[in-house]
Amino acid sequence: MTETRHIDCPRCGAKGRVVDRATPAALLRSDAKARLVDGPLRFCRSAACDVVYFDEARVVTFAVSTLTVPVFQKSTDPQRPVCYCFDHSVRSIEDEVAAKGTSEVPESIAKKCKAGLDDCEHNNPQGSCCLGNVRQVVKAAVEARGGVELPQAAAPGGCCGGKGTT
């Protein structure tokens, strides 16, 4: 008989994405780190849920309040980080788009990642590159100003040494 692996968040039912243990170990408050269990942990990206990490047995959960940083997906604060390695917030990207009609942040992040300057696994609660989230914020900011983006050089596709984007 094969054991069924639970991949859904025990609080909201959203599919959880596997994160390396190094991510919560780097970002949890010390009292929460003491509750880390062996085995895979998953990240819940649902904005409506306060669970950030849970184990596959669905016994242990870690809420937003147990992390040392705000979680992009779980906050509406415009000052929340969207890029944890290079200190870009939703507000800073929105301000750039308002001033210039576009943002150079995605291209800048991609270049820095390709140079090996990122550490998403230890800085970003989702445990992977922020570039997908950054592009989402840029797109929303451009749409908020009427949907007209001034031309810019195309941003490189991936970053973070090929570790992918979310």
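Calculation criteria
- Residues numbered from 1 in each chain as written.
- Predicted model: local features only at pLDDT ≥ 70, side-chain atom pairs only at ≥ 80, totals over all residues.
- Heavy atoms only, no water.
- pLDDT = per-residue confidence, 0-100.
- Contact = heavy atoms within 4.5 Å.
- Helix = DSSP H or I, 4+ residues; strand = E, 2+ residues; numbered from the N terminus.
- Core = buried A, V, L, I, M, F, W, Y, C linked by side-chain atoms within 4.5 Å.
- Buried < 20%, exposed > 50% of the residue type's maximum accessible area, 1.4 Å probe, protein only.
- Arc of directions from axis to C-beta.
- Pairing = 2+ DSSP bridges.
- Axes fitted to C-alpha atoms, helices over the stretch in contact; angles between N-to-C directions.
- Parallel < 35°, antiparallel > 145°, perpendicular 65-115°, else oblique.
- Left-handed = near helix turned anticlockwise from the far one by under 90°.
- Nonpolar A, V, L, I, M, F, W, Y, C, P; charged D, E, K, R; others polar.

1. Some words on the confidence of the model for the chain
Inference 1: In this model, the chain carries a mean pLDDT of 89, and residues with pLDDT of at least 70 account for 85%.
Inference 2: Per-residue pLDDT stays below 50 along residues 152-156; that stretch engages in 13 contacts with residues further than four places along the chain or on separate chains.

2. Some details on unusual backbone geometry
Inference 1: Despite not being glycine, Arg 58 has its phi angle at roughly 65°, a positive value.
Inference 2: Relative to the helices and strands, Arg 58 is located in the loop between β3 (51-55) and β4 (61-63).
Inference 3: Unlike most non-glycine residues, Asp 87 shows phi in positive territory, near 60°.
Inference 4: Checked against the element boundaries, Asp 87 lands in the loop between β5 (81-83) and β6 (88-89).

3. Overview of the side chain of Ser 89
Inference 1: Mapped onto the elements, Ser 89 comes out in strand β6.
Inference 2: If we ignore the near neighbours within four places in the chain, the residues touching Ser 89 are Pro 78, Gln 79, Arg 80, Pro 81 and Val 82.

4. As for the nonpolar core
Inference 1: Core analysis: the biggest nonpolar cluster contains 21 residues, and Val 82, Ile 93, Ile 109 and Val 134 have the highest contact counts within it.
Inference 2: Looking at this core, the elements with two or more residues in it are β5, α3 (90-100), α4 (105-114) and α6 (131-144).
Inference 3: By residue number, the principal contributor to this core is α6, which donates 6 residues.
Inference 4: Those residues within four positions of Ile 109 in sequence are excluded, and the remaining contacts are Cys 83, Phe 86, His 88, Cys 130, Leu 131 and Val 134.
Inference 5: Judged by nonpolar contacts, the second largest core, of 13 residues, contains Leu 28, Ala 32, Val 60 and Val 71.

5. A word on α4
Inference 1: Listing the buried residues of α4 in full gives Val 105, Pro 106, Ile 109, Ala 110 and Cys 113. In an axial view of α4, the angular spread of the buried residues amounts to 130°, which keeps them on one side of the axis. For α4, the exposed residues lying more than 90 degrees away from the buried face are Lys 111 and Lys 114.
Inference 2: The positive-phi residue at the C-terminal boundary of α4 is Gly 116, with phi of around 80°.

6. Some points on the sheet that holds β4
Inference 1: The 4 strands lie next to each other as β1-β2-β3-β4, forming an open sheet whose pairing is antiparallel. Looking at which strands have only one partner, the edges of the open sheet turn out to be β1 (17-19) and β4. Across this sheet, the average inter-strand angle for adjacent strands is 30°, counted without regard to direction.
Inference 2: By the bridge criterion, 3 bridges tie strand β2 (residues 41-43) to β3 in an arrangement that is antiparallel. Within β3, the residue paired with Leu 41 across the bridge is Asp 55.

7. Quick notes on the packing of α3 against α6
Inference 1: In contact at an axis separation of 9 Å, α3 and α6 are set at 45° when each is read in the N-to-C sense. If you check the angle between α3 and α6, you find them oblique. Here the hand of the crossing between α3 and α6 comes out right-handed. From α3, Val 90, Ile 93, Glu 94 and Val 97 reach across to α6, where they touch Val 134, Val 137, Val 138, Ala 141 and Val 142.
Inference 2: Partitioning the contact of α3 with α6 into residue classes produces 8 nonpolar, no polar and 1 charged.

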